[in-house]
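Take a look at the letters that make up each chain.
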Amino acid sequence: MKSLEKLFRYGLGPSSSHTIAPSIAARSFKKLIKGDIDKVVVTFYGSLGLTGHGHGSDLAVIDALYPYKTEVVFDTKTDAPHPLYLSFEAMKGGVSLIKRHYASLGGGEITSEDDPSVIEKDIYPYHNLNEIKAKINDEHLSGIKEFCLLYEDPSIDDYLSNALKMMFSSLEHGLTVDSYIPANDNPRLHWKRCAKSIYENAFTIKDEGAKREMLLSAYAYAVVESSSSREHVVTSPTCGSSGVLPSVLYYCYHDLGMPFEKVKDALYTAGIFGNIVKQNASIAGAIGGCQAEIGTASSMAAAALAELNGLSLYQIEYASECAMEHFLGLSCDPVDGYVIIPCIERNGMGALRAYDSYLYAKFIAPIRHNQVSFDDVVAAMKLTGDSLASAYKETAEGGLAEILKEKKTK
Ligand code: SF4
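What you see is a predicted model, and the numbers here were worked out from it, not measured in a lab.

1. Comments concerning the environment of K69
Considering the arrangement of structural elements, one finds K69 in the loop between α3 (57–65) and β3 (70–74). By the C-beta count within 10 Å, which is 13 here, K69 ends up partly exposed. It is 6.3 Å that separates the C-alpha atoms of K69 and V40, two residues lying 29 residues apart in sequence. Discounting chain neighbours no more than four positions away, the residues touching K69 are D38 and K39.

2. Let's talk about the sheet that holds strand β5 (residues 95–106)
Taken in spatial order, the five strands make up an open sheet running β3-β2-β4-β5-β6, and their pairing is mixed. The outermost strands of the open sheet, each flanked by one partner alone, are β3 and β6 (109–111). Each adjacent strand pair in this sheet contributes to an overall mean axis angle of 25 degrees, direction not counted. Both β5 and β6 contribute to a ladder of three bridges, which runs antiparallel. Of the residues in β6, the one forming a bridge with G106 is E109. Relative to the sheet, α3 contacts β2 (39–45) and β3, its axis offset from that of β3 by approximately 155 degrees.

3. Description of the site of the ligand
If you check the shell around the ligand, you find 13 residues, and the closest are G240, G285, C290, C332 and C343. Grouping the constituent residues of the shell around the ligand by class yields seven nonpolar, three polar and three charged.

4. Section: the domain arrangement of the chain
Under the domain assignment used here, the chain contains domain 1 (4–118) and domain 2 (129–406). Taking only C-alpha atoms, the centre of domain 1 and the centre of domain 2 are 27 Å apart. For the side of domain 1 that touches domain 2, the secondary structure elements donating two or more residues are β1 (10–12), α1 (16–32), α2 (46–51) and β5. Residues that form the side of domain 1 that touches domain 2 fall into these classes: 11 nonpolar, 16 polar and two charged.

Cut-offs applied
Residues numbered from 1 in each chain as written. Predicted model: local features only at pLDDT ≥ 70, side-chain atom pairs only at ≥ 80, totals over all residues. Helix = DSSP H or I, 4+ residues; strand = E, 2+ residues; numbered from the N terminus. Buried ≥ 20, exposed ≤ 12 C-beta atoms within 10 Å, placed from the backbone. Contact = placed C-beta atoms within 7 Å. Pairing = 2+ DSSP bridges. Axes fitted to C-alpha atoms, helices over the stretch in contact; angles between N-to-C directions. Near = placed C-beta within 6 Å. Nonpolar A, V, L, I, M, F, W, Y, C, P; charged D, E, K, R; others polar. Domains from an automatic or database assignment.

In structure tokens:
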């Protein structure tokens with residue numbers, strides 16, 4: 001498993017697999033260019049070809065390759081060796097001078113068969129939660145944070161503090177704006193940012209449970225509406241699902257008054273659960289469907305809530321497993337290829353499901369022993385994701401994307 005730094009990245013929305021990863025690939029390719037060229041041809045395949053325009057992949061590579069002239073091709077026909085595949089080719093006088101191929105893995109990670117400089121190294125010698133729990137028990141470690149500090153660089157604590165500050169700053173910014181999310185004047189996607197209104201309305205609600213749910217929703221919307229507006233956010237674990245974890249952490253910090261340091265430490269726990277999914281299944285909607293994005297985000301948030309509320313490691317695992325289990329099979333069907341519908345609302349739901357899963361871990365886990373381990377649910381998620389048709393994996397060809405395509409706009 002890789003460092004938690006690779007799970008919590010700061011970058012441009014709306015989609016880490018479609019914006020952050022192509023931008024990293026573009027910057028790496030740019031370093032390989034020697035001398036004068038006419039242009040760089042960037043070709044997007046698979047999900048990147050089908051939804052790259054709505055997801056802003058073209059803008060990400062044009063920006064990263066500047067000042068070189070960039071020609072973008074969305075190839076929706078050619079069968080590529082990976083669902084998130086792209087190539088870069090430097091051209092001069094009609095001749096190809098250099099060409100490289102990359103595959104985006106989710107959450108901004110990239111790999112390449114012919115540019116190994118982009119490949120990130122594993123630092124954890126463990127692969128799943130059972131191995132990690134055995135290590136914690138055998139060595140009498142105090143918990144997941146102490147486990148992480150055995151392998152991470154000491155700078156990780158400052159890194160996570162900054163990541164949490166950036167999460168909170170994009171959330172607080174999101175609560176102040178009510179502009180439209182840019183979507184090329186697509187009438188189906190006229191989305192006026194509404195986190196601010198949800199937040200203000202929450203204070204008129206008398207029922208405490210309903211008020212909490214609307215606050216969590218406002219916080220999740222605030223972050224992901226920023227991501228969908230192509231602003232900077234922290235992947236947690238992706239841009240498309242970037243509202244879920246910050247929502248529950250901000251609620252604990254801002255509304256429950258938990259200290260910043262304690263809330264920051266919950267990022268170790270959330271990060272390890274996200275890392276296990278990334279290692280054994282996927283965190284990319286184009287590879288595993290939305291269960292891989294919102295399911296993982298909710299699972300990470302549930303683990304963080306359980307940790308913050310002092311539950312045992314068994315209960316933390318229960319919370320995280322529960323959140324993932326009930327998102328199994330969730331398809332990725334972004335309408336017209338934009339990260340707006342169903343993505344924004346889905347972040348709110350991810351935060352609520354995380355809170356419910358924490359409550360189950362607190363009140364039901366002591367009554368009935370959970371038969372499904374976290375490693376089991378991750379294996380089930382991978383199996384389910386592998387069986388999902390490509391129409392439900394960030395191609396905008398199935399589900400809501402298909403139904404709403406036929407519907408007349410008002
Ligand atoms: S439906 Fe889910 S996985 Fe797909 S783009 Fe939206 S948030 Fe990401």
